[in-house]
Structure formats: structure tokens, C-alpha cells
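# Close look at the chain arrangement
Each chain is listed here by its residues.
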Amino acid sequence: MKSWKPDLAPFRKYKVKVFERAALVSNFIYQIGESPILRQSSKPVPVNQITSKIFQQKIKYLKNCLLKYRKLTGMGRGIAAPQVGIHERFAVIYNPNSHSSSGKLVTIINPKITKFSKEKNKYPEMCMSANPVIVPLIRPTWIEFEYFDEMGQLQEWKTKHHTLLGKKLNRVFQHEIDHLDGIINLDRGDPKEFILESGPKFYKNAKFEEV
Ligand SMILES: [Zn+2]
């Protein structure tokens, strides 16, 4: 005799991990709805204040938050100041190829985008402040922008997208600069395409799709 069997949702054990990961970081990363500054434009940092003791402490705190996030979750490529309750225009990005004096954590202060590529691609984006929803999102493939580094020196980002890392970095920079304008990835995506990370190989298999 045939019997009915439920059609089970996939990777249920893994989904528990995904939610646990979100919970682990919720005591230092503001989640959407928890702070109005996540949804406001952040204040530019006065350039002559960048090397001040107070501002350097804020940079250090933001870097430590990214390191802590990476340690707890094994992921996380960038973090913007408003995500940790600092209403100022700066962000920290993890660049494994960076050989700057400040190591692999690159601080961008008062970034100003000067060019967007005409080419666009689509990629599933996660945000520490909207865990664990993933938003497949179309953005320009690369950007160019100016910023101040943590020593107060004006710098330019002009690295195009030829490598996978280059594509990811151009994507992360756009995501973090959006945060400084109060924009979350959820705002730019199609809610019907939102997904939940549902398997351990999700990010390993994630691909940039040319559109
Ligand atoms: Zn984010």
C-alpha cells in the first residue's frame, strides 16, 4: 500500500547553522530596524580629524568588528560604520591581496564614486545587517572612486574586474558605500528573488552572471 510522504525542505540542519550565525553577531552588528542611522546618510569625516586619537579608535573598533564577524562566521568581506552604530562616512573592507601598511583591512573614508561601468553583473549579496536573507542583485561590474585612507591621504580605487577577487571587491565597495547613504541591499533587489542561504556550498558555488 502506498503512503503519503512529506516533501521536506532541503538542508534543514544547515539552516539552523545559518540562523545561529546571525544570532552570534547580533550583539555588535545593528540589524535593520534597530537603529535609524542604518537608514540615514552618514556624516563626512573632517579630513583633519582622521589622524586624531578618537577617530583612530573608531577605525580600530570597526576593524575589530569585522575581524570578530569573520572569526565567528567564517565569512564577511566588508563593514560600514553605521552598522556598528557610528554615524560617520567610513567603512572597512577585507582585501586578501592588499599589501598596504595597514594590512589586509582597507579603510575607506569619505568615499566618492567617480565612475560606474556600463557593464553590469548579478550576484547573490548578503548583508550583516539583514542576516540571513540573500539578495541576488544587479550592479555595475566595476566602479572608480576616491577616498581618504586611515593616514588621511587621498587615494583612488581603479581596479577593474578581471579576476574573481576584483569582481568581489568592486561589489563589496559598492555595497559598503551604499550603507553610508542609508541604502541596504534589500532596497535594490527584487523581493521575489530573495533567498535564504540553504547549503554549505552556497557561496562556493555563487557566480557572477553577466547581464
Ligand atoms: Zn551590508
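Preceding this paragraph is the structure being described.
Quick look at the structure, then. Just so you know, these numbers come straight off a predicted model, no measurement behind them.

With that settled, the discussion passes to the overall build of the protein. If you tally the helices and strands in the protein, you get 5 helices and 9 strands. For the protein, the sequential pattern of α-helices and β-strands runs α-α-β-β-β-β-β-β-β-α-α-β-α-β. The 211 residues of the protein split such that 31% are buried. Considering only contacts in the protein between residues 6 or more positions apart, those separated by 24 or more positions represent 69%.

Our focus in this paragraph is the sheet that holds strand β7 (residues 154–157). Judged by pairing direction, the sheet is antiparallel, and its 5 strands sit side by side in the order β1-β2-β3-β6-β7 without closing on themselves. Every interior strand has two partners, whereas the edge strands, β1 (78–80) and β7, have only one. In this sheet, neighbouring strand axes are inclined to one another by 35° on average, regardless of whether the strands run parallel or antiparallel. Judged from the 5 bridges that link them, strand β3 (residues 105–116) and strand β6 (residues 143–148) form a sheet pairing that is antiparallel. Note on β6: the bridge partner recorded for Ile109 is Phe148. Against the sheet, helix α3 (residues 164–180) touches β1, β2 (90–94), β3, β6 and β7, its axis set at about 160° to β2.

Let's shift gears to unusual backbone geometry. If a residue is not glycine, its phi is most likely negative; likewise, a peptide bond is most likely trans. Across the junction of Asn131 and Pro132, the peptide omega takes the value -5°, indicating a cis bond. Looking at the element boundaries, Pro132 is found in the loop between β4 (120–126) and β5 (133–140). The phi angle at Asn110 is positive, at roughly 50°, despite the residue not being glycine.

Further remarks concern the nonpolar core. Formed by 37 residues in total, the largest nonpolar core has its most connected members in Leu62, Leu66, Ile79, Ala91, Val92 and Ile93. Elements with a minimum of two residues in this core: α2 (53–73), β1, β2, β3, β5, β6 and α3.

Here we take up the pairing of β4. Sheet topology places β4 next to β5; 7 bridges connect them, and they run antiparallel. By the bridge assignment, Pro124 is partnered in β5 with Pro136. As consecutive antiparallel partners, β4 and β5 are separated by 6 residues. Where β4 lies against strand β9 (residues 209–210), 2 bridges are found, and the strand directions are antiparallel.

All right, on to the pairing of β5 then. The pairing of β5 with strand β8 (residues 195–196) spans 2 bridges and is classified as antiparallel. Residue Ile134 lies in a different strand from β8, and its bridge partner there is Ile195.

On to the environment of Asn95, then. Turning to its location among the elements, Asn95 is positioned in the loop between β2 and β3. C-alpha of Asn95 to C-alpha of Leu169: the two residues are 74 residues apart in sequence and 7.4 Å apart in space. Residues contacting Asn95, with those up to four places away along its chain left out, are Lys104, Val106 and Leu169.

With 17 residues, α3 should reach 24 Å at 1.5 Å per residue; the first-to-last C-alpha distance of 25 Å fits that figure. Turning to α3, its buried residues number three or more, namely Lys168, Leu169, Asn170, Arg171, Phe173, Gln174, His175, Glu176, Ile177, His179 and Leu180. Just downstream of α3 lies Gly182, where phi reads positive at about 75°.

Before going further, it helps to spend a moment on the sheet that holds β5. If you trace the 4 strands from one edge of the open sheet to the other, you get β8-β5-β4-β9, paired in antiparallel fashion. A strand with exactly one partner marks an edge of an open sheet, and here the two such strands are β8 and β9.

What follows deals with the environment of Val45. Structurally, Val45 can be placed in the loop between α1 (12–24) and α2. It is 19 Å that separates the C-alpha atoms of Val45 and His175, two residues lying 130 residues apart in sequence. Discounting residues that sit within four places of it in the chain, Val45 has contacts with Ile50, Phe55, Glu88, Arg89, Phe90, Ile109 and Asn110.

Further remarks concern the environment of Thr141. Take Thr141: it is sitting in the loop between β5 and β6. Sequence separation of Thr141 and Lys160 is 19 residues, and the distance between their C-alpha atoms is 8.1 Å. If near-sequence neighbours (up to four positions away) are discounted, Thr141 is found in contact with Ser117, Glu119, Lys120, Asn121, His161, Lys167 and Asn170.

Calculation criteria
Counting restarts for each chain, with residues numbered from 1 along the sequence as it is written. With the structure being a predicted model, the display of local features is reserved for residues of pLDDT at least 70 and the display and counting of side-chain atom pairs for 80 or more, all residues being used for whole-chain, interface and lining totals. Secondary structure elements are defined from DSSP: runs of H or I of at least 4 residues count as helices, runs of E of at least 2 residues count as strands, and each element is numbered from the N terminus. Remark: C-beta atoms are placed from the backbone, and a residue is labelled buried if 20 or more other C-beta atoms sit within 10 Å of its own, exposed if 12 or fewer do, or partly exposed between those counts. Whether two residues are in contact is decided by their C-beta atoms, placed from the backbone, lying within 7 Å. For two strands to be treated as a pair, DSSP must find no fewer than two bridges joining them. Axis definition: a line fitted to C-alpha atoms, limited for helices to the stretch in contact. Angles are taken between N-to-C directions and run from 0 to 180 degrees. Each nonpolar core reported here comprises buried Ala, Val, Leu, Ile, Met, Phe, Trp, Tyr and Cys residues connected via C-beta atoms within 7 Å. Under the convention used throughout, the expected extent of a helix is 1.5 Å for every residue step, that is, one less than its residue count.

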